[in-house]
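Summary of structural features
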Amino acid sequence: MNYLSEMLGIPVIDSTGEKIGVVNDMGIATGEVFPHVTSLAFQGPGKTPFMISWRKYVESVDNDAVRLAVPATDIRFSYLQPDEVLLARDILNKQIVDTQGLKVVRVNDIKLSSSGENQLRLLGADVGVRGLLRAVHPMVERAVAAVCKAVGKPLAEDIIAWSYMDLLERSTQQIKLSVSHKTLGELHPADIADIIEQLDPRLRSQVFAQLDTAQAAEAITELDDDELMTEMLEGLSDRDASSMLAMMDPDDAAALIEELDYEKAEKLLRLMGVKEEKAIRKLLGFEEDTAGRIMTSEFVAMPSTATVGDAIDAIRKLDEDFESVYYVYTTDPAGVLTGVLSLRTLIVAEHDTRLRDLAYKDVVWVAPDLDQEQVTQEMTKYDLVAIPVCDENRHILGIVTFDDAMDVIAEEHQEDLQIAGLSSGESGSGESVHTFTWFAQRQYWIVVWAIAACAIGAIAVEPQGTAQAITAQGLSTLMPIAIMPVVLLAAMRMTAFVKNSFLEYDEREDEAKPYLGFFIKSTFIGVVLAAVVYLCGELMATTIFAAAQPWVVPTFLACFQGAAAVIAATYASAVIYFAVLVRGEERDNVASGTSLTFAAVLLAALAYTVVGSIPLL
C-alpha cells in the first residue's frame, strides 16, 4: 500500500471481523520531516463520518483492509487536533508550493510508506502524470506505464518531499509543515513573484496576504504582469497599500501607481509620508519610457571639496533600505555635476584625500527626456552600473541603475520577439520547442492553402461531361492550387522583411516617417520577385509543356501571371504593415508579428483564389 488513492475506499474491520466502514481520509501531525499518520477517518453505516486515533486502534493495514485491535463497541471517537491536517481533504487535488523547485503544482496523489505493521508515514506528494492516472484507476496507471516502458520512455514518478511542500488553502496556512523546509516567506522576492503568477486567481491574494509589508513590497516589483500587480495592490487596504508603496524604490512605486486610476493613486499618495510622496510625484512628472521615469532619486552626491572620510561617513548614515550605492558623485558649489568615484576608489584611498583629486571628471550623463532604450545603450556602451540623469544645467536629478536598465532591455526584447512573431519560450532559431505551437506560428499557411484549394476546386468543378473533359478540367484545377504556395510563402517573407526593417528602424522625433522610401523599396522588391515568378512560368510553359494539349499552356501561364500580380501587390502593401508597427509603438501597443503575418497570408490567399479561378470559369 503505497498511495493514498489505493487506500481510500478499502474496508475498516474491527477485531471481531465485522466491517464497520470504509476509509475516506487520514490525518497527520505536521511537525515532523516525514510525519506519521495519526488519525483514521472512515465512513460508517448510513455514510456517517467517524474519526479515531490511529495509534490506539489500528492493528495492521494492507492492500485489502485496515484492521482494528478492538471491537467496534470499545472504540472512542476523536477529533482533528490543531496541528493535524487531513490528507484527502486538505492536500489531495489542491495546489501547493514546491519550495525547492520554486513552482506551484497540483497534488494528484500522496505517497505513503509502511513502518511496521500498523504505522504509515507520509513521504510526499505525487504531482506527475502517474498520480493523475492512478487517481482514475490503478489499472490505468499500470497499463500506461507498461506501454511507455515498452517504447523506451519510462513513465517516471514526480514526487515532492513533504519537507519541500507549502500549503496554500484554508486555515492550513498557519500550520507548521515541517521542521526543515523553507517556507514561502523565506523565499527570494523573485521566486515569490513566480509562484504568485502560477497560482489560481482565487489564491493569489490569499498567498500575498501571508507576506509582511517589506516582503510584499519586494515581491510585487518582481511581477511581470502589470494587471496582476494592480490586482495585488487593490486587494490590500488603502493604508497597507500606501505603506507598501512607500517602502518600494521610488521608480518602482511610480510605475505601479501609474497603473491605478487617478482617484485611487491620489488617495495612496496622500497617505504616504511627505518625503516618499514628493519623490514619487517628481518621477510621475516625466514622460513615460524616458530616463526621468525610470530613474531613482536615491543617490550619493558630495561637494568636490569633501574628503574620502566624509563620503564614507555619509554612506554609513544612509537608511537600511536606501537604493544600492554604486558611485559617489561630486558637485561644485552651484550643485553642478563635476565628477564620479567608484566605491573601490573610496575604500583604497586615504581618508583625508579630497574627492576632487580622485574623481573621474569626464562623466557620462543623460537628459531626463531621453528614451529609456537609449539610456540602456549608453550604460552598455560605457559599462556603467548606474548613470546620472541631469537637467540642462547638469544638476543631478537622479540615477538610472543597472537593475532598471535590465528591466528595460527585457521589455524591449519581449516587444521585439512579439514583433518577430516569437515568444520568450522559443529557441534562438525561431522555432518553438512545442510542436503544436511551432505549427500554429510557422506552418499555418498550409491550412490556409488547403482551404483556398478547396475553394478553387469548388468554383471550378463541373461533374458533367465526358471522361476526357473531366480529366482536363481536373488538371487545369490543380495548376492554380499547385502554384499557390509560392504566393503564400512570398507573403510570409514580405512580413519578415517588414518586421526586420522595423526592428532596425531608429526613430527620431525631428525626422519624417520613411513611408515613401519604404514603399518604393518594398514595391521594387515585389516587382523583381513577380518578374522572377512570371519568367519561371514562361520557361516551364515553353519547355516542359510545349508538347502538351493546346489548352494547357494558356492556363498554366495565366496561373503564373496571377501569382506574379498578387506577389507584386503584396509587397506594394508592405508599407501598410510597416505603418501599423510604427503607430503601435507610438501608442505603446505593438502589434504581434504573428498576427500581421497571418493577415498577409490570408489576404494573399483570398486574392490568388479570385485571380487563380478566373481561367477556370
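That block above? That's the structure.
Along every chain, residues carry numbers that run from 1 in the direction the sequence is written. Since the coordinates come from a predicted model, pLDDT governs what is reported: local features require at least 70, and pairs of side-chain atoms require 80 or more to be given and counted, while whole-chain, interface and lining totals use all residues. Side-chain figures throughout are based on the complete set of non-hydrogen atoms in the structure, without hydrogens or water.

Focus: the nonpolar core
For the purposes of this section, nonpolar cores are sets of buried Ala, Val, Leu, Ile, Met, Phe, Trp, Tyr and Cys residues that join through side-chain atoms within 4.5 Å. Whether a residue is buried, partly exposed or exposed follows from its accessible area with a 1.4 Å probe, protein chains only, as a fraction of its type maximum: under 20%, in between, or over 50%, in that order. Residues Phe208, Ile220, Leu223, Leu233, Leu245 and Val400 are the most contacted members of the largest nonpolar core, which totals 42 residues. Residues are treated as being in contact if the distance between any of their heavy atoms lies within 4.5 Å. Beyond its immediate stretch of four places on either side in the chain, phenylalanine 208 contacts Ile196, Ala216, Ile220, Met232, Leu236 and Met244. Listed in part, the 38 residues of the second largest apolar core include Met479, Val533, Phe560 and Val566.

Quick notes on a nonpolar patch on the surface
On the surface, a nonpolar cluster with roughly 340 Å² of combined accessible area is contributed by Val385, Phe402, Met406 and Ile409. Helix and strand definitions here come from DSSP, where helices need a minimum of 4 consecutive H or I residues and strands a minimum of 2 consecutive E residues; each element is numbered from the N-terminal end. Relative to the assigned elements, isoleucine 409 resides in helix α18 (residues 402-420). Within the patch definition used here, like charges are joined within 9 Å and nonpolar side chains (Val, Leu, Ile, Met, Phe, Trp, Tyr) within 5 Å, considering only residues with over 30% relative accessible area and no salt bridge. Note on areas: Shrake-Rupley, 1.4 Å probe, and residue coverage restricted to the protein chains presented here. We define a salt bridge as a contact between a side-chain nitrogen of Lys or Arg and a carboxyl oxygen of Asp or Glu at a distance within 4 Å.

Description of unusual backbone geometry
For aspartate 383, which is not glycine, the phi torsion reads 55° and is therefore positive. Following the sequence through the fold, aspartate 383 ends up in the loop between α17 (372-381) and β17 (386-390). Judged by its relative accessible area of 68%, aspartate 383 is exposed. Backbone geometry at arginine 394 places phi at a positive 65°, although glycine is not the residue there. Mapped onto the fold, arginine 394 is located in the loop between β17 and β18 (396-401). For arginine 394, a relative accessible area of 27% puts it in the partly exposed group.

Some words on the packing of aromatic side chains
Each pair of aromatic rings is reported with the distance of its centres and the angle of its planes. Put simply, two rings from Phe, Tyr or Trp (the six-membered ring, in Trp's case) pair if the centres are within 6.5 Å, and we call them stacked under 30 degrees between planes, edge-to-face over 60, tilted for the rest. By the definition in use, this model includes eight aromatic pairs. Every member of this aromatic cluster is reached through a ring pair, and the members are Phe497, Phe502, Tyr515, Phe518 and Phe578. Across the ring face of tyrosine 3, the terminal group of arginine 134 is positioned such that the distance to the ring centre comes to 3.5 Å. Counting as a charge over the ring demands two things of the Lys NZ or Arg CZ atom: a distance within 6 Å of the ring centre and an angle within 35 degrees of the ring normal.

Let's talk about the sheet that holds strand β15 (residues 327-331)
When DSSP finds two or more bridges between a pair of strands, those strands are recorded as paired. Spatial ordering of the open sheet is given by β14-β15-β16, a layout of three strands whose pairing is mixed. Across the chains shown, the open sheet's two edge strands, defined by having one partner strand only, are β14 (300-303) and β16 (337-342). Direction aside, the axes of adjacent strands within the sheet are offset by 30° on average. Taken together, the five bridges between β15 and β16 define a ladder with antiparallel strand orientation. From the neighbouring strand, tyrosine 327 faces β16, where its bridge partner is serine 342. An axis is simply a line fitted to the C-alpha atoms; with a helix, the fit covers only the stretch in contact. Between two such axes, the angle follows the N-to-C directions and lies from 0 to 180 degrees.

Quick notes on the environment of glutamine 374
Positionally, glutamine 374 belongs in helix α17. For glutamine 374, a relative accessible area of 37% translates into the label partly exposed. In sequence terms glutamine 374 and threonine 290 are 84 residues apart; their C-alpha atoms lie 9.0 Å from each other.

Things to note about helix α24 (residues 574-586)
An ideal rise of 1.5 Å per residue puts 18 Å on 13 residues; α24 measures up with 19 Å between its terminal C-alpha atoms. Residues Ala574, Val575, Tyr577, Phe578, Ala579, Leu581, Val582 and Gly584 constitute the buried set of α24. To estimate the expected span of a helix, subtract one from its residue number and multiply by 1.5 Å.

Some thoughts on empty space enclosed by the protein
Taking a probe equal in size to a water molecule and rolling it over the atoms shows the remaining empty space. Here a cavity denotes grid points, spaced 1 Å and computed from the protein atoms alone, that fit a 1.4 Å probe unable to get out, and a pocket denotes an open set having protein on both sides within 12 Å along at least 5 of 7 lines; residues with an atom within 4 Å of a point are the lining. Grid points are joined across faces, edges and corners, and a volume is the space filled by probe spheres set on the points. Tallied over the full model, the rule gives one cavity of 30 Å³ or more. One number sums up the size of the largest cavity: a volume of about 40 Å³. Together, Phe299, Val300, Phe322, Ser324, Val325, Tyr326, Tyr327, Tyr329, Ala386 and Ile399 line the largest cavity. The class makeup of the residues in the lining of the largest cavity is nine nonpolar, one polar and no charged. Classes in brief: Ala, Val, Leu, Ile, Met, Phe, Trp, Tyr, Cys and Pro nonpolar; Asp, Glu, Lys and Arg charged; the others, Gly included, polar.

Regarding the pattern of salt bridges
Under the definition given, this model contains 13 salt bridges. Note that aspartate 62 and arginine 67 form a salt bridge whose closest N and O atoms lie 2.9 Å from each other. A relative accessible area of 29% means that aspartate 62 is categorised as partly exposed. Among the ionic pairs, arginine 316 bridges to aspartate 313, the shortest N-O distance being 3.8 Å.

So, the side chain of threonine 330
Relative to the assigned elements, threonine 330 resides in strand β15. Those residues in contact with threonine 330, other than ones at most four positions away along the chain, are Met302, Ser304, Val336, Leu337, Thr338, Gly339, Val340, Leu341, Leu355 and Ala359.

Structural notes on the packing of helix α11 (residues 250-257) against helix α13 (residues 274-284)
Relative orientation and spacing of two packed helices are given, respectively, by the angle between their axes and the distance between those axes. It is at 9 Å that the axes of α11 and α13 come closest, and there the two elements cross at 65°. The hand of the α11/α13 crossing is right-handed. Here α11 contributes Pro250, Asp251, Ala253, Ala254 and Ile257 to the contact with α13, which in turn contributes Ala279, Ile280, Leu283 and Leu284. When the residues that make up the contact of α11 with α13 are grouped by side-chain class, the tally is eight nonpolar, no polar and one charged. Note: crossing handedness is left-handed where the near helix turns anticlockwise from the far helix by less than a right angle, and right-handed where it turns clockwise.

Considerations on a negative patch on the surface
Think of it this way: Lys and Arg go in the positive column, Asp and Glu in the negative one, and His and the chain ends go nowhere. The atom standing in for a charge is NZ when the residue is Lys, CZ when it is Arg, CG when it is Asp and CD when it is Glu. On the surface, Asp194, Asp212, Glu218, Glu222, Asp224, Asp225, Asp226, Glu227, Glu259, Glu288, Asp407 and Glu411 cluster together into a negatively charged patch. Within the residue set of the negative patch, elements represented by two or more residues are α9 (226-234) and α18. Checked against the element boundaries, glutamate 227 lands in helix α9. Judged by its relative accessible area of 66%, glutamate 227 is exposed.

A closer look at the pairing of β14
Burial of the side chains of β14 is restricted to one face: Val300 and Met302 are buried, whereas none of Ala301 and Pro303 on the reverse face is. Direction of pairing for β14 relative to β15: parallel, over a ladder of four bridges. Pairing of alanine 301 across the sheet is with tyrosine 329, part of β15. Consider the strands pointing away from the viewer: the crossover is right-handed when the path from the first strand over the helix to the second runs clockwise. Since β14 and β15 lie parallel, the crossover through helix α15 (residues 308-316) that links them has a hand, and here it is right-handed.

A closer look at the environment of leucine 40
Here leucine 40 shows up in strand β3 (residues 37-43). In this structure the C-alpha to C-alpha distance between leucine 40 and aspartate 25, which are 15 residues apart in sequence, comes to 6.4 Å.

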